[in-house]
Amino acid sequence: MLTPMDAAASDDEAGGGAVPGVYRGDEGRSGPVLLTLDVDGEVFAVRDGGDGGTHYHWVSGPNRHYGFGSSGAPDLPVEEHRKAIRTFLSMIDPKTGYIAED
């Protein structure tokens, strides 16, 4: 029996393109919160991305579970985390709370 992830792989191999699926494993899952940062009035939880990167959850944002990921290691200096968060916030459409569409 094919799981959604197996179906996506089969479709891709057949040239049908990627198909969204449900991931039920532990690989790539975020770890526990390493630190919480207030950046320009917005609160972010910083986690180990589980894949060598960092996940940033926008705790105070208007959209539940929204945030971003970075390939940078989670053990960066706090100011590097703040810089990444400010870059993310600069892309947000204030009307929607999501990254603005071009």
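Worth saying up front: this structure is predicted, and the values here are computed from it rather than measured.

Draft legend 1. Up close: the packing of aromatic side chains. Tallying each qualifying case throughout the model produces 8 aromatic pairs. For the ring pair Phe 44 and Phe 88, a centre distance of 6.0 Å and an interplane angle of 90° mean the geometry is edge-to-face. Highlighted residues: Phe 44 in strand β2 (residues 42-48) and Phe 88 in helix α2 (residues 78-90), separated in sequence by 44 residues. Judged by its relative accessible area of 0%, Phe 44 falls in the buried class. Phe 88 gets classed as buried once you look at its relative accessible area, which sits at 2%. Ring geometry for Tyr 56 and Phe 68: centres 4.4 Å apart, planes at 5°, overall stacked. With Tyr 56 in strand β3 (residues 54-58) and Phe 68 in strand β4 (residues 67-70), this residue pair connects regions lying 12 residues apart in the sequence. Tyr 56 sits in the buried class, given a relative accessible area of 2%.

Rules of the game
Residues numbered from 1 in each chain as written. Predicted model: local features only at pLDDT ≥ 70, side-chain atom pairs only at ≥ 80, totals over all residues. Heavy atoms only, no water. Phe/Tyr/Trp six-rings, centres within 6.5 Å; stacked < 30°, edge-to-face > 60°. Helix = DSSP H or I, 4+ residues; strand = E, 2+ residues; numbered from the N terminus. Buried < 20%, exposed > 50% of the residue type's maximum accessible area, 1.4 Å probe, protein only.

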